[in-house]
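Each chain, written out:
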Amino acid sequence: DSNAYVVILCTALTIYTLVLFPQYAKKTLIILCCGIVLLLSLFWINRFSQDHYGESVSIFLQAYLPSVANLSGIFNMPPHGIADNFSQIFIDLYAAIPFRSFLLGYDGGLTDVVTLWNYSNNISGQIMPTCAQSTYYFGFILSPLLSCLMLAISNKAMNGIKKHTNPVMIATLIFLAVYASISILCYNFYIFSKGFTQRILFMLLFAILCSYSIKDNQGTKNAKK
């Protein structure tokens, strides 16, 4: 039910294929290019041809890539001090914990920063940019901090691929790298943190418990030869 999330999964799977089967890189890239053309065609048919966006590319991009317009919404949020900032950080991290009602007895009453941003701008369905969330926490000077953090996570995950032979762990790290990097533009750190604790964390636990190795399969093939 989410076009953007499907694109993230397809991107991660494409990179996963290139890592596991580099000999099929050319064919994979050809299929990828065909898929991009098909995806853009479907976007055109489903969005612009039915006049959902008034044939405006900028409005279309605004729906998927939070930009200056969404960033300016930070000015409408109520004044807050340093204590409020740190309190909000813990609230947003707490909101990312899965099953918190069951595990921690959470009964509501805490409002995350994205909801506050929506209330302050009297909107719904829009995404608070990562830069805006970082500005709310740390001020304008440190506004790139969360973006840099997610970029570092993505880079760390991609570098970690070289250290593993477990294909499940490799797939998880690729997905983490893609999800973190795309979240900088398409989502925000709040959405990323929820995605990490509710999806990626369980994938990492499953990968750790999986004992399968690519070398095992290669050893079997060599034995048969």
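This one's a predicted model, so the numbers in the text were calculated from it and none came from an experiment.

Chemist: I keep staring at the overall build of the chain and nothing clicks. Help me out?
Modeler: Along the chain, the regular secondary structure elements total twelve helices and zero strands. Scanning the chain from its N terminus toward the C terminus, one meets helices and strands in the order α-α-α-α-α-α-α-α-α-α-α-α. The buried share of the chain, reckoned over its 225 residues, is 34%. In the chain, the proportion of contacts linking residues at least 24 apart, taken out of those at least 6 apart, comes to 64%. Carbon and sulfur atoms provide 68% of the accessible area of the chain, an area that totals close to 13900 Å².

Chemist: Can you help me understand helix α10 (residues 167–186) in this one?
Modeler: Three or four residues apart is the spacing at which side chains of an α-helix point the same way, because the helix has 3.6 residues per turn. Counted at 1.5 Å a residue, the expected span for α10 with its 20 residues is 28 Å, and the 27 Å between its end C-alpha atoms agrees. Counting buried residues along α10, 14 of its 20 residues qualify, which places the element largely inside the surrounding structure. Two or three places before Val168, at the opening of α10, Asn166 has a side-chain oxygen 2.9 Å from that residue's backbone nitrogen.

Chemist: Would you mind going over a nonpolar patch on the surface with me for this structure?
Modeler: There is a patch of nonpolar side chains on the surface, built from Phe99, Phe102, Leu201, Phe202, Leu205 and Ile208 and spanning about 670 Å² of accessible area. At four residues, helix α11 (residues 189–209) tops the list of elements feeding residues into the nonpolar patch. Residue placement: Phe99 occurs in the loop between α5 (82–95) and α6 (100–104). Owing to a relative accessible area of 56%, Phe99 belongs among the exposed residues under this scheme.

Chemist: Please clarify how the nonpolar core should be interpreted in this entry.
Modeler: As a rule of thumb, soluble globular proteins bury nonpolar side chains together. If you look at the biggest cluster of nonpolar residues, it comprises 37 residues, and the most contacted ones within it are Met77, Val113, Met128, Tyr136, Ile174, Tyr179 and Phe192. Ranked by residues supplied to this core, first place goes to α10 with eleven residues. Ile174 has contacts with Ala12, Ile15, Tyr16, Val19 and Ile161, leaving out every residue within four places of it along the chain.

Chemist: Just checking my understanding: could you explain the confidence of the model for the chain for this structure?
Modeler: When pLDDT is low, close inspection of the predicted coordinates is not appropriate. Mean pLDDT over the chain works out to 83, with 85% of the residues at or above the 70 mark. Predicted confidence in the chain is weakest over helix α12 (residues 214–224), with a mean pLDDT of 53, and strongest over helix α9 (residues 145–160), with 94. Throughout residues 219–225 the model reports pLDDT below 50, and contacts reaching past four residues in sequence, or to other chains, amount to zero contacts.

Chemist: In this structure, what is going on with unusual backbone geometry? I would like to understand it.
Modeler: Outside of glycine, negative phi angles account for most residues, and trans bonds account for most peptide bonds. A positive phi is found at Asn122, a non-glycine position, where the angle reads about 55°. Tracing the sequence through the fold places Asn122 in the loop between α7 (113–121) and α8 (130–138). What makes Asn122 exposed here is its relative accessible area of 72%.

Chemist: Looking at this structure, how should I read the packing of α5 against α8?
Modeler: Angle between the axes and distance between the axes are the two parameters that describe a pair of packed helices. Relative to each other, α5 and α8 sit at 135°, their axes nearing to 8 Å. On the basis of their axis angle, the class for α5 and α8 is oblique. Packed against α5, whose contacting residues are Asn85, Gln88, Ile89 and Asp92, the element α8 presents Gln133, Tyr136, Tyr137 and Phe138 at the interface. Class assignment for the residues of the contact of α5 with α8 results in four nonpolar, three polar and one charged.

Chemist: It is not clear to me how the environment of Gly73 should be interpreted in this structure. Could you clarify?
Modeler: Within the fold, Gly73 resides in the loop between α4 (68–71) and α5. Separated by 49 residues in the primary sequence, Gly73 and Asn122 place their C-alpha atoms 9.9 Å from one another.

Chemist: In this structure, what is going on with the packing of aromatic side chains? I would like to understand it.
Modeler: How two aromatic rings sit relative to each other is given by the distance of their centres and the angle of their planes. In the structure shown here, the tally under the stated rule is ten aromatic pairs. Considering the side-chain rings of Tyr179 and Tyr187, the 6.1 Å spacing of their centres and the 45° angle between planes classify their relative orientation as tilted. In this structure Tyr179 comes out as buried when scored by relative accessible area, which is 3%. Note on Phe192 and Phe196: the rings are 6.4 Å apart at their centroids and 35° apart in plane angle, and the pair reads as tilted. One end of the pair, Phe192, and the other, Phe196, are both in helix α11, four residues apart, so they sit about a helical turn from each other. Aromatic rings pair up to connect Tyr5, Phe175, Tyr179, Tyr187, Phe189, Phe192 and Phe196 into one cluster. In this arrangement the basic side chain of Arg199 is found over the ring face of Tyr5, its NZ or CZ atom lying 4.1 Å from the centre.

Parameters at a glance
Residues numbered from 1 in each chain as written. Predicted model: local features only at pLDDT ≥ 70, side-chain atom pairs only at ≥ 80, totals over all residues. Heavy atoms only, no water. Helix = DSSP H or I, 4+ residues; strand = E, 2+ residues; numbered from the N terminus. Buried < 20%, exposed > 50% of the residue type's maximum accessible area, 1.4 Å probe, protein only. Contact = heavy atoms within 4.5 Å. Areas by Shrake-Rupley, 256 points an atom, 1.4 Å probe, with all protein chains shown as cover. Expected span 1.5 Å × (residues − 1). Polar contact = N/O pair within 3.5 Å; in protein donor to acceptor, adjacent residues only side chain to side chain. Patch = residues over 30% accessible without salt bridge, like charges linked within 9 Å, V, L, I, M, F, W, Y side chains within 5 Å. Salt bridge = Lys/Arg side-chain N within 4 Å of Asp/Glu carboxyl O. Core = buried A, V, L, I, M, F, W, Y, C linked by side-chain atoms within 4.5 Å. pLDDT = per-residue confidence, 0-100. Axes fitted to C-alpha atoms, helices over the stretch in contact; angles between N-to-C directions. Parallel < 35°, antiparallel > 145°, perpendicular 65-115°, else oblique. Nonpolar A, V, L, I, M, F, W, Y, C, P; charged D, E, K, R; others polar. Phe/Tyr/Trp six-rings, centres within 6.5 Å; stacked < 30°, edge-to-face > 60°. Lys NZ or Arg CZ within 6 Å of the ring centre and 35° of its normal.

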